Amino acid sequence: PQPPRGLMQARMHRLLQLWALALLGQAAALYEGEGHVLAISKAEFQEAVQGSNEPFLVHFYNESSAADDYLASVLAPIAQGLWESFGINTRALDCSQEDQVRWCKKENLRPFEPSLRGYFLMPQMNPYTKRLERQPLMIDTTSSGLQVDSKILKKVVLDEMPNFVKKLSTADGSVPPDTGVHVAVLSDRARTSPLLKALAIRFFHHNVTYWELHENDVGDFPEDIGITEEILAMPRPTVLGMVDGGDWQIFRGEPYRDGIEEFAMGLVAELGETSGAAGQDAGPNGQAKAKAKA
C-alpha cells in the first residue's frame, strides 16, 4: 500500500532540506564562524575592520541571495591561502539579519549582488561620524558578465590591492632616505608581486617602506644604491633590509610572508634600539654610536 499523502510530503520536504544543506552547507558554516571566513556583526565590522591597519575582504551578503551563495562557494577555498600567503583577512556580514538590514541599506553596503569589498587603505577619522573609517574598494566578482571561479577571484583580489611599493632607481633619485626602516626586493618579475603589495599595506603603520628593483634596472653602477656584488650573486628574489641609511642587510630565509614579516619586525626593533641609544647619548658622539650600531 502507498504511504499516506502527508507522510510522502514530509519525506519530500526533508529530502529538499537535505539537498539544500548539501548545496549551501559550506556557506552556512562559513557565516557561523567556521573555516577562514569569519562571520562578523555591525559592531565588529566597525571596530575590527574599519579601525584596523590590516587588509580585509568583507562579503556583505543576504541569506536568500543565490548570487551570495555562489560567491561564498568560491570565496571559501581561497580564504585560507589569502591569509597564509598574503595576510589578507576574510570576513562576512549578514545584511539580512533584522538588526542590520537598515544599517546595510543606510551605508549602501549592497549596491548590487554579490557585494565584496576590499579594505586595504589606512583608516581616517570621519569628521561627521567621529569614527575611524576606511575607503573601500569594490571587488568585481564577474568577468565579462560571467560568474568567476576561485582562481579568477583570487587573481582579481590581488590585482585590486593598491600598490604602495616604491621603485628603487638612481635614474630619478628614488632611493631610500637616511632615516627609517626600508625593505627592498631585487627580482626578475616584470610586475610588483602581490606579496610585496600586501606587505607594504600591512607594514604601513610601522613606517616600513617597501621598495622593488628589477634586476634589469640595476644599471652599470649598482653600488650607487648600495647593491654589492654579494647581493647581485644571490638567487632571486633577493630580500634586503636597511635601517637609518646603513648598509643593506640580506635576508637569508625563504621569501615567504612569515619570514619577511619577521625580518621587517627585527629591523623595526633595531631602529627602536638605535633611537634609544641616540636619546641616551645626545650630541654628535651619541649619533655616531647609533649609526655604527645600525
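Please read these numbers as outputs of a predicted model, since none were measured by experiment.

Reading the values: rules and limits
- Residues numbered from 1 in each chain as written.
- Predicted model: local features only at pLDDT ≥ 70, side-chain atom pairs only at ≥ 80, totals over all residues.
- Heavy atoms only, no water.
- Pairing = 2+ DSSP bridges.
- Helix = DSSP H or I, 4+ residues; strand = E, 2+ residues; numbered from the N terminus.
- Contact = heavy atoms within 4.5 Å.
- Axes fitted to C-alpha atoms, helices over the stretch in contact; angles between N-to-C directions.
- Phe/Tyr/Trp six-rings, centres within 6.5 Å; stacked < 30°, edge-to-face > 60°.
- Buried < 20%, exposed > 50% of the residue type's maximum accessible area, 1.4 Å probe, protein only.
- Disulfide = S-S within 2.5 Å.

Visitor: Mind laying out the sheet that holds strand β10 (residues 166-167), listing which residues take part and the relevant values?
Guide: With respect to topology, 5 strands assemble into an open sheet ordered β10-β12-β11-β13-β14, the strand pairing being mixed. The open sheet terminates on both sides in strands that have one partner only, identified here as β10 and β14 (249-250). Two strands pair when backbone bridges link them, and strand β13 (residues 238-243) and β14 are joined in this way by 2 bridges, in the antiparallel orientation. Counted as the bridge partner of G241 is Q249 from β14. Strands β11 (181-187) and β12 (208-214) of the sheet are contacted by helix α6 (residues 194-202), whose axis makes an angle of about 160° with β12.

Visitor: Describe in detail the environment of M125, supporting the description with residues and values.
Guide: The residue M125 is located in strand β5 (residues 124-126) in this model. Counting along the chain gives 74 residues from M125 to G51, while the straight-line C-alpha distance between them is 9.4 Å. Excluding anything up to four places from it in sequence, M125 contacts K130, R131 and L132.

Visitor: An account of the packing of aromatic side chains is needed here, citing residue identities and associated values.
Guide: One pass over the structure, following the stated rule, counts 6 aromatic pairs. On the numbers, 5.5 Å between centres and 80° between planes, the contact of F45 with F60 is edge-to-face. With a gap of 15 residues between them, F45 in helix α2 (residues 42-49) and F60 in strand β2 (residues 56-61) connect regions that are remote in the sequence. Take F45: its relative accessible area is 3%, and that puts it in the buried class. Residues F45 and Y119 carry aromatic rings whose centres are separated by 5.5 Å and whose planes lie at 75° to one another, so their mutual orientation is edge-to-face. Placement of F45 in helix α2 and of Y119 in strand β4 (residues 115-119) is noted, with a sequence separation of 74 residues between them. Exposure remark for Y119: the relative accessible area of 1% places this residue in the buried category. Cluster of aromatic residues (ring-pair linked, three or more members): F45, F60, W103 and Y119.

Visitor: So what about the state of the cysteines? Which residues, and what values?
Guide: A complete count under the given rule lists 1 disulfide for this structure. In this model, C95 is linked to C104 through a disulfide, with the two sulfur atoms separated by 2.1 Å. Handedness of the C95-C104 disulfide follows from its S-S torsion of about -80°: it is left-handed. With respect to burial, C95 and C104 carry one shared label: buried.

Visitor: Summarise the environment of P222; cite the residues concerned and give the values.
Guide: Tracing the backbone through its elements, the reader meets P222 in the loop between β12 and α7 (229-232). The class for P222 is buried, based on a relative accessible area of 9%. Each C-alpha atom of the pair P222 and L232 lies 8.9 Å from the other, and the pair is 10 residues apart in sequence.

Visitor: Tell me about the sheet that holds β4, and name the residues and values.
Guide: What links the strands of a sheet is backbone hydrogen bonding, and the strands pair in either a parallel or an antiparallel sense. The strand order β1-β3-β2-β4-β7 describes an open sheet built from 5 strands, whose pairing is mixed. The open sheet terminates on both sides in strands that have one partner only, identified here as β1 (37-40) and β7 (137-138). For β1 and strand β3 (residues 89-94), the ladder comprises 4 bridges, and the chain directions are parallel. When the sheet's bridge partners are listed, V37 is paired in β3 with T90. The strands that helix α3 (residues 66-86) touches are β1, β2, β3 and β4; relative to β2, the one it contacts most, it runs at about 165°.

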